[in-house]
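Results of the structural survey
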Amino acid sequence: ENKHEEKVQDPDRGEDETKAEMGSKTWADLAGEMKMFLWNPEERTCLGRTAKSWGLILLFYFIFYTCLAGMFAFCMYVMLLTLSPYTPTYRDRVFPPGVMIRPYLNGFTIAFNVSQPSTWQPYVDSMHHFLAAYDDKVQEEKNIECVSGQYFIQGGNESEEKKACQFKRSLLQNCSGIEDPTFGSRAWRSILYKHGCLLFLQIIGYRPGAGVPVSVDCKVQKGNESDLRSVDFYPGNGTFDLMYYPYYGKMTHVNYTSPLVAMHFTDVKKNYLVHIQCSLNGKGIINNINSDRFLGRIIFTLSIGK
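Residues numbered from 1 in each chain as written. Predicted model: local features only at pLDDT ≥ 70, side-chain atom pairs only at ≥ 80, totals over all residues. Heavy atoms only, no water.

**Comments concerning the side chain of Gln154**
To be explicit about the condition: Only DSSP runs of H or I with at least four residues qualify as helices, and only runs of E with at least two residues qualify as strands; both kinds are numbered from the N terminus onward. Two N or O atoms count as a polar contact when they lie within 3.5 Å, although within protein this holds only if one can serve as hydrogen donor and the other as acceptor, and sequence-adjacent residues are included solely when both atoms are side-chain atoms. Throughout, a contact is declared for two residues whenever any of their heavy atoms are within 4.5 Å.
Here Gln154 shows up in the loop between helix 6 (136-142) and strand 3 (191-195). Reaching out from Gln154, the side chain makes a polar contact with the backbone oxygen of Lys163 at a distance of 2.8 Å. Among residues more than four places away in sequence, those in contact with Gln154 are Lys162, Lys163, Tyr248 and His253.

**Section: the pattern of salt bridges**
As a reminder, the rule being used: Take a side-chain nitrogen of Lys or Arg and a carboxyl oxygen of Asp or Glu: if they are within 4 Å of each other, that pair is a salt bridge. Relative accessibility under 20% of the residue-type maximum defines a buried residue, over 50% an exposed one, and the middle range a partly exposed one, all with a 1.4 Å probe and only protein chains included.
Considering all chains together, one arrives at three salt bridges under this definition. In this structure, Arg169 engages Asp135 in a salt bridge whose closest nitrogen and oxygen atoms are separated by 2.9 Å. In this pair, Arg169 sits in the loop between helix 6 and strand 3 while Asp135 sits in the loop between helix 5 (117-131) and helix 6, placing the two residues 34 residues apart along the sequence. For Lys168, the salt bridge identified is with Glu140, shortest N-O distance 3.0 Å. Within this pair, whereas Lys168 is found in the loop between helix 6 and strand 3, its partner Glu140 is found in helix 6, the two being separated by 28 residues in sequence. Taking relative accessible area as the criterion, Glu140 reaches 46% and is therefore assigned partly exposed.

**Remarks on the sheet that holds strand 6 (residues 239-240)**
In plain terms, the rule: At least two DSSP bridges between two strands are needed for those strands to be called paired.
Reading across from one edge, 2-9-8-4-6 is the order of the five strands in this open sheet, with mixed pairing throughout. Two strands lie at the open edges of the sheet, namely strand 2 (109-113) and strand 6, each paired on one side alone.

**Notes on the UniProt feature "transmembrane region" (unreviewed entry) in the protein**
For clarity, the threshold we go by: UniProt positions are given in the numbering used here, feature names are shortened, and annotations may be inferred rather than shown by experiment.
Sequence positions flagged by UniProt for "transmembrane region" (unreviewed entry) are, in local numbering, residues 58-83. In residues 58-83, the share of helix is 92% and the share of strand is 0%. The end C-alpha atoms are 38 Å apart.

**Some thoughts on the side chain of Thr301**
Along the chain, Thr301 falls in strand 9 (residues 297-305). There is a polar contact of 2.8 Å between the side chain of Thr301 and the side chain of Thr109. Not counting residues within four places of it along the chain, the set of residues in contact with Thr301 comprises Phe108, Thr109, Ile110, Leu273, Val274 and His275.

Put into structure tokens, the structure is as follows:
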């Protein structure tokens, strides 16, 4: 009783004695206590719980997480019922078309020396690989001939497979790589392909130009305008024909190949880094937002060495 009274009167002293007792334990004592915690043969408990206790808590968590997973699956199922796998529900924020160039190997700088084939051969290989899908024979087998100058609107169920219009490689003429497999690289030329509005963004249902074909033009983005004196466009009018639109999505428009416009830079300043901007022009086309170099335009640099 006296000792108990002393502990009550001096609690700090009791804590010190408890710490001293704990500090006097050996590693063997600690290991024994841990072993007893893991499995107590007298009370038949593991980690402080009996088999019945473990069974009940595991059953509780199994039922709990099963219900959560079921609720999540049900919510996803209901949400997916409201979505179409063929047409996006909301498309208003992506209608302004973006553009891209080919070849695209080292970012948006295309540079090579005409006298060194090793510098331009990768571009040539990349172009042949890209244009393989546009070979005349491939297009004739997979796609159909369409009426030029008007949208190719296809009705029917949205799940029905849609037909695609032919865009033959031969339409690119001097830039097709058919007659000249080097795409003119030996003659100080640089061939770049600007893609149609739908190839990368795949804007389903978009009809560019509001009935008037969208055209392409190129100019020096910064620097002297005389650095780029002449550009030839293929097809000859440098436009994206309306018959290739609208696009119905990859699930139903399986053989769709985006139309191309090829630019042949016939007179560009040599041994100089020329900054070029090629833009889409047409009704509803936005191409003047400085913070976005791909919206309605593409900016790249061209360097052709001797």
